[in-house]
Amino acid sequence: MAKEMTIDLSKITLRPYKISDADDFLMYGGDDKVTRFTRWNTFTSMEEALSYIKDYCIPHPYCRSICIADRSIGFIIIVPKSGGDRCRADVGYALAAAYWGQGIAARAVKMAIAQGLKEFPDVIRFQALVELENKASQRVLEKLGFLREGVLRKYSLNKGKSRDMVMYSLLSTDPIP
Ligand SMILES: CC(C)(COP(=O)(O)OP(=O)(O)OC[C@H]1O[C@@H](n2cnc3c(N)ncnc32)[C@H](O)[C@@H]1OP(=O)(O)O)[C@@H](O)C(=O)NCCC(=O)NCCS
């Protein structure tokens, strides 16, 4: 999809993935700039994109496509935990690089949290783990009032390298700006 000049944030929607999103998904899932900070390895084929959408995104309780005019420009996920951890959920997201820097991710995370609060009534804590180097993502969370709780040293492996991760949380009782 061609880059539009300025996106009207009220036109951003979140919806479940469809098989027909595979082309658009590959635009961001296949971009090293986008996958640098995600757990994904860069998708390299339509088949991989299709399988991921079919086998992971569609059956998932909350995996949504960030859309403009119903075309997928990004990915957002809420992963509620179970058992004694069912009070919390992980949040993750990624956006096609052509759309960075317009407030779209912040808008999408805000919308997803509002939906997550309704869909997962047990969840009172939304958390996100962000690589220390990923300043844009930290800023997204800080704009939404997530609390920076601390740095977890060498907490995760990404692309074969250990990473320091920043833990952020937002409680269901916290105000969202
Ligand atoms: C992180 C990501 C989702 C942000 O999307 P976005 O729509 O550009 O985010 P927003 O526009 O809502 O906010 C980005 C903020 O970061 C700021 N920012 C961008 N690059 C920055 C940098 N290098 N250092 C500091 N701040 C930075 C922007 O200025 C903006 O803040 P502002 O609104 O106060 O000006 C997008 O860059 C992305 O998809 N990255 C790759 C995948 C990823 O990192 N996912 C998150 C994993 S935890």
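Residues numbered from 1 in each chain as written. Predicted model: local features only at pLDDT ≥ 70, side-chain atom pairs only at ≥ 80, totals over all residues. Heavy atoms only, no water.

**Concerning helix H4 (residues 104-119)**
- For H4, which comprises 16 residues, the first-to-last C-alpha distance of 22 Å matches the rise-based estimate of 22 Å (1.5 Å per residue) to within 8%.
- Of the positions making up H4, those classed as buried are Ile104, Ala105, Ala106, Ala108, Val109, Ala112, Ile113 and Gly116. (Helix = DSSP H or I, 4+ residues; strand = E, 2+ residues; numbered from the N terminus. Expected span 1.5 Å × (residues − 1). Buried < 20%, exposed > 50% of the residue type's maximum accessible area, 1.4 Å probe, protein only.)

**Some points on the packing of aromatic side chains**
- Using the criterion set out here, one finds 13 aromatic pairs in the structure.
- Here tryptophan 40 and phenylalanine 75 contribute two aromatic rings whose centre-to-centre distance is 4.7 Å and whose plane-to-plane angle is 75°, an arrangement assigned as edge-to-face. Separated by 35 residues along the polypeptide, tryptophan 40 in the loop between helix H2 (32-35) and helix H3 (46-57) and phenylalanine 75 in strand S3 (residues 71-80) bring together distant segments of the chain.
- Relative to phenylalanine 75, the ring of tyrosine 52 lies with its centre 6.4 Å away and its plane at 35°, an arrangement referred to as tilted. Highlighted residues: tyrosine 52 in helix H3 and phenylalanine 75 in strand S3, separated in sequence by 23 residues.
- According to the relative accessible area criterion, tyrosine 52 is buried, its value standing at 17%.
- When its relative accessible area of 6% is taken as the criterion, phenylalanine 75 is described as buried.
- An aromatic cluster of at least three residues, connected via ring pairs, comprises Tyr17, Phe25, Tyr28, Trp40, Phe43, Tyr52, Tyr56 and Phe75.
- Over the ring of tyrosine 62 we find arginine 64; its NZ or CZ atom is 4.3 Å from the centre of that ring. (Phe/Tyr/Trp six-rings, centres within 6.5 Å; stacked < 30°, edge-to-face > 60°. Lys NZ or Arg CZ within 6 Å of the ring centre and 35° of its normal.)

**A short note on the packing of helix H1 (residues 22-29) against H3**
- Packing of H1 against H3 leaves a shortest axis separation of 9 Å and a crossing angle of 105°. Relative to H3, the element H1 lies roughly perpendicular. The residues of H3 that touch H1, namely those facing Ala22, Asp23, Phe25 and Leu26, are Met46, Ala49, Leu50, Tyr52 and Ile53.
- Counted by class, the contact of H1 with H3 contains 8 nonpolar, no polar and 1 charged residues. (Axes fitted to C-alpha atoms, helices over the stretch in contact; angles between N-to-C directions. Parallel < 35°, antiparallel > 145°, perpendicular 65-115°, else oblique. Contact = heavy atoms within 4.5 Å. Nonpolar A, V, L, I, M, F, W, Y, C, P; charged D, E, K, R; others polar.)

**Remarks on the pattern of salt bridges**
- Counted under the stated rule, the structure contains 15 salt bridges.
- The partner of glutamate 119 in a salt bridge is arginine 64, with the nearest N and O atoms 3.9 Å apart. One end of the pair, glutamate 119, is in helix H4; the other, arginine 64, is in strand S2 (residues 63-68), with 55 residues separating them in the sequence.
- Between glutamate 149 and arginine 125 there is a salt bridge, with the nearest N and O atoms lying 2.8 Å from each other. (Salt bridge = Lys/Arg side-chain N within 4 Å of Asp/Glu carboxyl O.)

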